[in-house]
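# Observations on chain architecture
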Amino acid sequence: MWKKENVTFTEGFVLLGLVKTQLLQKVFFGLFFIIYSMTILGNLVIILVIRSDSALHKPMYYFICNLSILEIIYTTTITPNTLRNFLTEDRSISFVGCFTQMFFFIGLGSSECVLLSVMAYDRYIAICHPLLYSKYMNSFCCFQLVLLSYFLGSLNSLLHTVLAAVLPYCREHQVAHFFCDHPALLKLSCRDTFPNELVILLVGGFVVIGGLMLTIVSYICILRTVLNIQSNAARPKAFSTCGSHLLVVTLYFGTIISTYMHPGFSSSTKLNRVLSIMYGVLTPLINPIIYSFRNADFINGIQKTLIMIKH
């Protein structure tokens, strides 16, 4: 049995990380630590405020609360281990640990794609069919939609993870990434990975591209409805409720599609690492800022929560 960097193949893989010099590793550790801390704090504040303020017990904020929970777990699957690797020379990860990380990262990422589509559908019903909103977006329906998001995400991830785990990895076990990302692992297999890439494009495309198309259709309908509003004063308000969501969708879906949804995606190692930082580390931080802290109702909810804490 061959060894490299004191790690045997049967023990797993070695993550090469983002940078090589110690100075850059310390700089990136500081940046990632600050971003991760702010992400956890920001999303926890959202969850606390939404649960505390009864005025925010609405479908839109129910989905935002679930998105914050998802973001916390999503970024936690890769960031703590990445922080550890910035400070140690031992960047090994076990076979089971690697594919467990990949399962949760893909699963939660896929779930977010579906959940963002659900949130677009929620805005569509609220703006295009306001009289039917309470009927269609009741508490049980909202719960089912969130459950559907996690189910589809987990099912998609399970398929990709199992197909990747059964591949023979007889090449160097050094993963050219800072976590166990799917494309980086496929490059290490000595078997033709075209079937895996095809499954990613077809099944993953159904979740990602399908979610994006549903979101686009929802916003086209919203746009038509808003443009037909007679009151010019009502238009900015209607647009503002959807503008933040559309910005998140553009950032998240754009980076996901650029990483996975094109032929030969497993060969773009450097680009994939850069994009992974965007959708795996930065987006969970950006979401709370865009969705909630720019929202007047949420700001009022923060003020109420602070008053409750003081008393």
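What you see is a predicted model, and the numbers here were worked out from it, not measured in a lab. The residue count restarts for each chain, going from 1 along the sequence in the order it is written. Where totals are concerned, whole chains, interfaces and linings use all residues; where local detail is concerned, this predicted model gives features only for residues with pLDDT of at least 70, and gives and counts side-chain atom pairs only at 80 or more. Side-chain measures here rest on the full set of heavy atoms in the structure, leaving out hydrogens and waters.

For the rest of this paragraph, the subject is the overall build of the protein chain. A run of DSSP states H or I qualifies as a helix once it reaches four residues; a run of E qualifies as a strand once it reaches two. Both are numbered from the N-terminal end. When you go through the protein chain residue by residue, the secondary structure sums to 11 helices and 5 strands. Only protein chains enter the accessibility calculation, which uses a 1.4 Å probe. A residue is then buried if its area is under 20% of the maximum for its type, exposed if over 50%, and partly exposed in between. Counting across all 311 residues of the protein chain, residues that qualify as buried make up 49%. Only heavy atoms enter the contact rule, under which two residues are in contact if any of them lie within 4.5 Å. Nonlocal contacts in the protein chain, meaning residues at least 24 apart in sequence, comprise 79% of its contacts between residues at least 6 apart. We get accessible surface area from the Shrake-Rupley algorithm with a probe of 1.4 Å; when it comes to residues, only the shown protein chains can shield them. Accessible area for the protein chain stands at about 15300 Å²; split by element, carbon and sulfur atoms hold 70% of it.

Our focus in this paragraph is the nonpolar core. Among the nonpolar cores identified, the biggest contains 74 residues, and Phe13, Phe63, Leu116 and Leu185 are the most heavily contacted of them. In terms of residue count, helix α4 (residues 95-128) provides more of this core than any other element does, 13 residues in total. Apart from the residues lying within four places of it in its own chain, the contact partners of Phe63 are Leu115, Val118, Met119, Asp122, Met137, Cys142, Leu145 and Val146. Each nonpolar core is a collection of buried residues, namely Ala, Val, Leu, Ile, Met, Phe, Trp, Tyr and Cys, held together in the definition by side-chain atoms within 4.5 Å. Of all hydrophobic cores here, the second largest spans 6 residues; its members include Ile127, Cys128, Tyr219 and Val226.

It is worth spelling out the packing of helix α1 (residues 22-52) against helix α11 (residues 296-310) at this point. Where α1 meets α11, the closest approach of the two axes is 9 Å, and the angle between their N-to-C directions is 80°. As summarised for this structure, α1 and α11 are arranged roughly perpendicular, according to the angle between their axes. For the pair α1 and α11, contact is made by Val45, Ile46, Leu48, Val49, Ile50 and Ser52 and by Phe298, Gly301, Ile302, Thr305 and Met308, respectively. Polarity classes work like this: nonpolar for Ala, Val, Leu, Ile, Met, Phe, Trp, Tyr, Cys and Pro, charged for Asp, Glu, Lys and Arg, and polar for all others, with Gly in that last group. Within the contact of α1 with α11, the residues separate by chemical class into 8 nonpolar, 3 polar and no charged. Each axis is a line fitted through C-alpha atoms, taken for helices only over the stretch in contact, and angles between the N-to-C directions span 0 to 180 degrees. Working rule for angles: under 35 degrees goes down as roughly parallel, over 145 as roughly antiparallel, 65 to 115 as roughly perpendicular, anything else as oblique.

Another aspect to go through is the state of the cysteines. We call a pair of cysteine sulfur atoms a disulfide whenever their separation is within 2.5 Å. Going through the model one piece at a time under the given rule, you end up with 2 disulfides. Between Cys98 and Cys180 runs a disulfide, and the two sulfur atoms are separated by 2.0 Å. What sets the handedness of the Cys98 and Cys180 disulfide is the S-S torsion sign, and at about -120° it is left-handed. Of this pair, Cys98 sits in helix α4 while Cys180 sits in the loop between β5 (174-175) and α7 (182-186), and the two are 82 residues apart along the sequence. For Cys98, a relative accessible area of 0% gives the class buried. Look at Cys180 and you get buried, because its relative accessible area is 1%.

On to helix α2 (residues 59-76). Expected helix span is computed as 1.5 Å times (number of residues minus one). Its 18 residues place the ends of α2 26 Å apart at the C-alpha level, agreeing with the 26 Å of an ideal helix rising 1.5 Å per residue. With respect to burial, α2 is a largely interior element, 14 of its 18 residues being buried.

With respect to the secondary-structure elements, Ile222 resides in helix α8 (residues 194-227). Accessibility expressed as a relative area gives 3% for Ile222, which makes it buried. Separated by 94 residues in the primary sequence, Ile222 and Cys128 place their C-alpha atoms 6.3 Å from one another.

On to the UniProt feature "transmembrane region" (unreviewed entry) in the protein chain. Per the UniProt record, "transmembrane region" (unreviewed entry) is found at residues 27-49, 61-79, 99-121, 198-222, 243-262 and 274-293. What you have in residues 27-49 is 100% helix and 0% strand, and the ends, taken at the C-alpha atoms, are 33 Å apart. Along residues 99-121 one finds 100% helix and 0% strand; the C-alpha atoms at either end are 33 Å apart. UniProt positions are given in the numbering used here, feature names are shortened, and annotations may be inferred rather than shown by experiment.

Per residue, pLDDT measures the predictor's confidence, with a range of 0 to 100. The predicted model of the protein chain has a mean per-residue pLDDT of 86, with 88% of residues at 70 or higher. For residues 1-9, every residue scores under 50 in pLDDT, and the model assigns this stretch 19 contacts once sequence neighbours within four places are set aside.

Salt bridge, as used here, is a side-chain nitrogen of Lys or Arg placed within 4 Å of a carboxyl oxygen of Asp or Glu. Overall, the coordinates contain 2 salt bridges when judged by the stated rule. A salt bridge links Lys304 to Asp53; its shortest N-O distance comes to 3.8 Å. You can see Lys304 sitting in helix α11 and its partner Asp53 sitting in the loop between α1 and α2, a full 251 residues away along the chain. On the basis of relative accessibility, which here comes to 41%, the residue Lys304 falls in the partly exposed class. The exposure class assigned to Asp53 is buried, which follows from its relative accessible area of 7%. For Arg123, the salt bridge is made with Asp122, and the minimal N-O distance between the two is 2.9 Å. The exposure classification of Arg123 matches that of Asp122, with both residues buried.

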